[in-house]
Amino acid sequence: MKTCLHCLFMFFTGGMISWTFGAEPVPTPSASVIVAQVKKEHPRLLASEGDFARLRSAIVTNSTLKNWHAKIRQRADRMLSQPPSQYEIPDGLRLLATSRRVLDRVQNLALLYQLDGHQRDAERAWLELNTAAAFTNWNPRHFLDTAEMTHAFAIGYDWLYNFWSPEQRRVLREAMLEKGIRPANDIEAKETWWARARHNWNQVCNGGIGMGALALLDEAPDECGSFLAAALKSIQLPMREYAPDGAWAEGPGYWHYATSYNCVFLAALESALGTDFGLSQIEGFSQAGMFPIFSSGPTGRSFDFADAHSEVIRAPELFWLSRKFNQAAFSVYEGKVASGEPLDLLWYDPRAERPMRGDLPLDKYFRHAEVAMLRSAWDDPNALWVGFKAGDNRANHSHLDLGSFIFEALGERWAIDPGADDYNMPDYFGKQRWTYYRLRAEGHNTLVFNPGKDPDQDPAASASITRFGHDANPFAIADLSAAYARDATKVQRGIAMPGRKRVLIQDEFDTRSPAEVWWFVHTTAEVKTDGRAAVLSLHGKNLTARILSPAGATFTVMDAKPLPACPNPSVQNTNAGVRKLAIRLENVTRERIAVVLEPGLSPSNLLSIVPLAQW
């Protein structure tokens, strides 16, 4: 996943640390109390010597673990002949690819040393770590790079502690302190930058540096204890964003990035100190695993709103969350999609072998993040599934996508989100952000009023799902009025799944003056239209779209490019292979747009139009 200096653009709130949702902060101990609780033996991060011994035994009898172990062995064997990672900042900003490569290699090699005892794995890990220890710095200006490199060193130091010579330990220890922990302590002391963030930067930085501090806590108690005392307070800020039901406003992809580091930190606190000091009991965190489950459609791809991606969410932290909160559904999901990463092996929950999610509801509304998902069935690859977004345009990594949706049926994604663009484009997180097509409302499956204005939704607007129904005809209604307040006095969008056999998108709005209004759906399907109906074709399958209202409206098919009057920077994605099904209305003041999407070529009886107020 790409990352960014988004903190410089969006997340500063001013003042010292403050709390959301009216909740009191979890009391945290002083540095001296933390230092007094650390276990002296190594390994102590995420697993003890006894944990590794039990895992060695489980691999012998469990076919899943045996298969994953073999995959890790294959990856590690390839690493043995590869040169060590070098200090490379190809985009002029991020060392992150190098930090992640070091972490991946060290984690795989160190785990295999614990499981197999081969000296060559530890020696190759040393080559990787010793090379990175000699770097001038770990790029603290983009502190995610520093945090992830510190994480790599912490794992290598702790899991291979008994292999290292005293001199090797000194090299690793000094690198962590000089290049990771000390720069982080400066930031924590001032409560600036990522220490005040309420999004992924906080968890990654506190989690990655926290791993280093826990690895060295008994050897550098003043510096490491000071960091951990501050981190236990700071990380509560983003953790409260999971309330009340586990969702994440940055989207499922960034949910994984944030939650993985959050769980690694809490798990390491428990393994090294015997407690997470109550952090895991923060409201919503126990439900965090529900978000990727419901945000994944029958194809396995995720709801890629904001700067997220549509790839399958593979999240070993779901195994840890499953065990921690007795949520078998989390393990069942991860068990189906896991690729066998080291933490899959370490945190594996045997309940992953159970049938898929039969006890979960079909529909889910996530409050605070303000997204809803409706589906016709679990475990049916041809099921209907829709993800619908309201939310807050001010959320970190947000796009101007209030009211957007994606849709799957027949094993295909018909309505797509084009996704993030290149983070290295000029001012992607600055003044030009809302000039880029993929970030604007016109680049999503939502409405645009009077195109040509910049921006085309209010970047400060938020929208709530005002009504949600989950019976045989599930629906969600969002009030989008704030997003379009410049042009309209009221804008509402409802999305329903009548009989769980088709999807209805219905918009009702009152404009301030006669307006031009566009309705968009982006798709990779081939599209043919006769005006009031359109047939979408993808991989030999078909979907029919029909306009129910207004009477004179017709479909057009367009390239996924800016409208002529809209901003069109020369440097941005061309969206090759993406089309959009569009409706254009002119000189309208009060109107209702209703479109039904139904799998196949022979739609069932047309629906009667019912005002949103009567849904």
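Up top is the structure.
Attention in this report is confined to the structure presented alongside it. (Residues numbered from 1 in each chain as written. Predicted model: local features only at pLDDT ≥ 70, side-chain atom pairs only at ≥ 80, totals over all residues. Heavy atoms only, no water.)

### Describing the packing of aromatic side chains
Right, so step 1: Throughout the structure, instances matching the rule amount to 32 aromatic pairs.
Right, so step 2: Judged by centre distance (5.6 Å) and plane angle (70 degrees), the ring pair of Phe-319 and Tyr-348 falls under edge-to-face. With Phe-319 in helix H13 (residues 317-325) and Tyr-348 in the loop between helix H15 (342-347) and strand E1 (364-366), this residue pair connects regions lying 29 residues apart in the sequence. No difference in accessibility class separates Phe-319 from Tyr-348, as the two residues are buried.
Right, so step 3: Where Trp-320 meets Trp-347, the ring centres are 6.4 Å apart and the plane angle is 50 degrees; that geometry is what we call tilted. With Trp-320 in helix H13 and Trp-347 in helix H15, this residue pair connects regions lying 27 residues apart in the sequence. Across this residue pair, the class does not change: Trp-320 and Trp-347 are buried.
Right, so step 4: Of note, Arg-375 hangs over the ring of Trp-378, and the distance from its end group to the ring centre comes to 3.8 Å. (Phe/Tyr/Trp six-rings, centres within 6.5 Å; stacked < 30°, edge-to-face > 60°. Helix = DSSP H or I, 4+ residues; strand = E, 2+ residues; numbered from the N terminus. Buried < 20%, exposed > 50% of the residue type's maximum accessible area, 1.4 Å probe, protein only. Lys NZ or Arg CZ within 6 Å of the ring centre and 35° of its normal.)

### Remarks on helix H7 (residues 166-190)
Right, so step 1: With 25 residues, H7 should cover 36 Å at 1.5 Å per step; its first-to-last C-alpha distance of 34 Å lies within 8% of that length.
Right, so step 2: A bend of about 40 degrees at Leu-177 is the largest found in H7.
Right, so step 3: Backbone geometry just after H7 places Glu-191 at a positive phi near 50 degrees. (Expected span 1.5 Å × (residues − 1). Bend = angle between axes of the 7 residues up to and from the residue.)

### Overview of the state of the cysteines
Right, so step 1: For the coordinates displayed, the defined rule picks out zero disulfides.
Right, so step 2: The cysteine Cys-224 is free of any disulfide, with Cys-205 supplying the nearest cysteine sulfur at 17 Å.
Right, so step 3: Here Cys-224 falls in the buried class, since its relative accessible area comes to 0%. (Disulfide = S-S within 2.5 Å.)

### Concerning H13
Right, so step 1: The element H13 is extensively covered by neighbouring structure, given that seven of its nine residues are classed as buried.
Right, so step 2: Every buried residue of H13 is accounted for by Glu-317, Leu-318, Phe-319, Trp-320, Leu-321, Ser-322 and Phe-325.
Right, so step 3: Looking at the residues trailing H13, positive phi occurs at Asn-326, about 55 degrees.

### Notes on unusual backbone geometry
Right, so step 1: At the junction of Asp-454 and Pro-455, the peptide bond is cis and its omega measures out at 0 degrees in the coordinates.
Right, so step 2: As for its position among the elements, Pro-455 is in the loop between strand E7 (447-449) and strand E8 (462-469).
Right, so step 3: The omega torsion of the bond from Ser-549 to Pro-550 falls at 0 degrees, within 30 degrees of zero and hence cis.
Right, so step 4: Tracing the backbone shows Pro-550 in the loop between strand E14 (541-549) and strand E15 (555-559).
Right, so step 5: Of note in the backbone geometry, Ala-306 takes a positive phi value of approximately 60 degrees without being a glycine.

### Things to note about the sheet that holds strand E6 (residues 412-415)
Right, so step 1: Across the sheet, which stays open at both edges, the five strands sit in the order E1-E2-E3-E5-E6 with antiparallel pairing between neighbours. In this open sheet, the two strands that pair with only one neighbour each are E1 and E6. Put simply, the sheet's adjacent strands are angled 15 degrees from each other on average, direction ignored.
Right, so step 2: In this structure, E1 lies alongside strand E2 (residues 371-375), joined through three bridges in antiparallel fashion. Considered in E2, the bridge of Tyr-365 is made with Ala-372. (Pairing = 2+ DSSP bridges. Axes fitted to C-alpha atoms, helices over the stretch in contact; angles between N-to-C directions.)

### Quick look at the nonpolar core
Grouped burial of nonpolar side chains is what soluble globular proteins tend to show.
Right, so step 1: If you look at the biggest cluster of nonpolar residues, it comprises 137 residues, and the most contacted ones within it are Leu-46, Phe-153, Trp-194, Trp-255 and Leu-321.
Right, so step 2: At 14 residues, helix H11 (residues 252-273) tops the list of elements feeding residues into this core.
Right, so step 3: Residue contacts for Phe-153: discarding those within four places in its chain leaves Leu-129, Ala-132, Ala-133, Trp-138, Leu-172, Ala-175 and Met-176.
Right, so step 4: Of all hydrophobic cores here, the second largest spans 51 residues; its members include Phe-449, Phe-509, Val-521 and Leu-536. (Core = buried A, V, L, I, M, F, W, Y, C linked by side-chain atoms within 4.5 Å. Contact = heavy atoms within 4.5 Å.)

### Overview of the packing of H7 against helix H9 (residues 221-234)
Right, so step 1: At a minimum axis separation of 10 Å, H7 and H9 run at an interaxial angle of 50 degrees. What the angle tells us is that H7 and H9 run oblique. As for the relative orientation of H7 and H9, their crossing is left-handed in sense. Contacts from Leu-177, Ile-181, Arg-182, Ala-184, Asn-185 and Glu-188 in H7 reach Glu-223, Cys-224, Ser-226, Phe-227, Ala-230, Ala-231 and Ser-234 in H9.
Right, so step 2: For the contact of H7 with H9, a count of residues per class yields seven nonpolar, three polar and three charged. (Parallel < 35°, antiparallel > 145°, perpendicular 65-115°, else oblique. Left-handed = near helix turned anticlockwise from the far one by under 90°. Nonpolar A, V, L, I, M, F, W, Y, C, P; charged D, E, K, R; others polar.)

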